[in-house]
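Residue-level structural notes
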Amino acid sequence: MSTVADNSLIQIIIVSTVVLVTFALGYFAVIVAGNRKIIAEQQAKIDEIRKSEERYKTLFENSVAGMMKFNFTTWVVLEANQTLLVMFNCTTPYELQRVFIDVHFDSFYQIGKMLTKYGAIDLFEIPIVLKGEPPKKLLLSARREGKTEIAHGVVVQVNTQEKE
Amino acid sequence: MNIPIIAYVSASSHIAPAAAGWWYWRRLSLPRRVLVLYFNFTVLIEIIELTLALSGIPNVFVINIHRLGEFVSFMYFFRHYVHHPTYREALMILSMLYIVLWFTEVSFDPFPKQYTEFINGVSNIALLMVSVAVSFYLFNTSHGNLTSQSVFWICLGAILAFSSTVMIYSLGNTILAMGVEQFTLLWHFNWGFNIVANILFTRSFLCQQ
């Protein structure tokens, strides 16, 4: 090892090589650490969105008002909560969609026109008569999702017309 | 000259990425297949180099040919992972420039007796810089886990291999002039990091993308 100590050029080469390799390893350590941090942040955002979705779903499912997501030109019901299904005496969103088209075509035709024109509809009155049940009066408020044909609606039952 | 065991281990370590490349050949993309061919070419070059050295025939021209193969293969591979047109163009220009310089240098003396510092040094520095740039580009553009991408392991291996040998390759003749003992001592960096780099190159073939 005395030759190494005596030869300054060898020392320079060894030191500079060690420095270069250390820099290279450090550089990669920074890149990997940065990448892990980004992935952790992305994961945190995904978790937050998932929690938010769950909160929305709970609200949607347990709401005392009827809620739905629908296409206001074709009247395909994309989502409907249990309260709304009970209001129309249905068990599935598809059944609800059939009720809208077959029984209440005129009301929903108007709703579609208003949503297309104004983008929102407020407290639209829908009188409904279901088989074996007293007449009901429902109020629908809905808002169009951007420029799409999808709308989100809330339906509340204001009174029953049993006594009339 | 008494060749240390690490030199044999280093030479043999080239078999690992070459074999791994053949093993996963079917699922590899074209740039990765080019690297596999390069690793196999390296194995062949190592055998020729050793045979010539043991026969007392100068093997510098083989080292030079290897350097050109290494440069072109790595550049082709890296170019595939960089989508920015300016960077891609820069890589292409750099490759062309090196090929021209290589042929110019070799045309003066196709079978040199002395180690060609220029060819080896320039190639090493250029590949080191490109590896650093590509890994930085990947870090900025990739959305997923970097360690699951083959290019990450190739970059890491390349940066380690080139950074550890940049000084030795650039001052090859000066080191050789110091004597065999000093040469062997410094060449340990080359052998040691070659082994590490080859392990990392082999690891890259385990990645799906």
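Residues numbered from 1 in each chain as written. Chains lettered and ligands numbered in written order. Predicted model: local features only at pLDDT ≥ 70, side-chain atom pairs only at ≥ 80, totals over all residues.

1. Structural notes on the pairing of strand S1 (residues 66-71) of chain A
Residues and elements named next belong to chain A. Burial along S1 is one-sided: Gly66, Met68 and Phe70 are buried, while Met67, Lys69 and Asn71, pointing the other way, are not. Of the strand pairs in this sheet, S1 and strand S2 (residues 77-80) are connected by three bridges, and their pairing is antiparallel. Bridge assignment links lysine 69 to a residue of S2, and that residue is glutamate 79. The antiparallel pairing of S1 with S2 creates a hairpin that spans five residues between the two strands, and tryptophan 75 there sits at a positive phi of about 60°. (Buried ≥ 20, exposed ≤ 12 C-beta atoms within 10 Å, placed from the backbone. Helix = DSSP H or I, 4+ residues; strand = E, 2+ residues; numbered from the N terminus. Pairing = 2+ DSSP bridges.)

2. Remarks on the interface of chain A and chain B
Facing 17 residues of chain A, the contacting portion of chain B comprises 20 residues. Class assignment of the residues belonging to the side of chain A that touches chain B gives a composition of 11 nonpolar, six polar and no charged. (Contact = placed C-beta atoms within 7 Å. Nonpolar A, V, L, I, M, F, W, Y, C, P; charged D, E, K, R; others polar.)

3. Topic: the confidence of the model for chain A
Per-residue pLDDT for chain A has a mean of 85; in total, 93% of the residues score no lower than 70. Mean pLDDT across the secondary structure elements of chain A bottoms out at helix H1 (residues 2-6) of chain A, with 57, and peaks at S1 of chain A, with 91. (pLDDT = per-residue confidence, 0-100.)

4. Here's the deal with the environment of lysine 136 of chain A
Residues and elements named next belong to chain A. Inspection of the secondary structure puts lysine 136 in strand S4 (residues 136-144). Overall, lysine 136 belongs to the partly exposed group, with 19 C-beta atoms counted inside 10 Å. Placed 48 residues apart in sequence, lysine 136 and phenylalanine 88 show a C-alpha to C-alpha distance of 9.7 Å.

5. Remarks on the nonpolar core
With 52 residues, the main nonpolar core has Phe78, Cys155, Ala158, Ile159, Leu160 and Ile168 of chain B as its most contacted residues. Looking at this core, the elements that each hand over two or more residues are helix H2 (8-62) of chain A together with helix H3 (30-55), helix H4 (60-81), helix H5 (85-108), helix H6 (117-141), helix H7 (150-170) and helix H9 (180-204) of chain B. The residues contacting phenylalanine 78 of chain B, other than those within four sequence positions of it, are Leu91, Val130 and Val134 of chain B. Counting 18 residues, the second-largest nonpolar core is a separate cluster that includes Met68, Ala80, Leu140 and Val155 of chain A. (Core = buried A, V, L, I, M, F, W, Y, C linked by C-beta atoms within 7 Å.)

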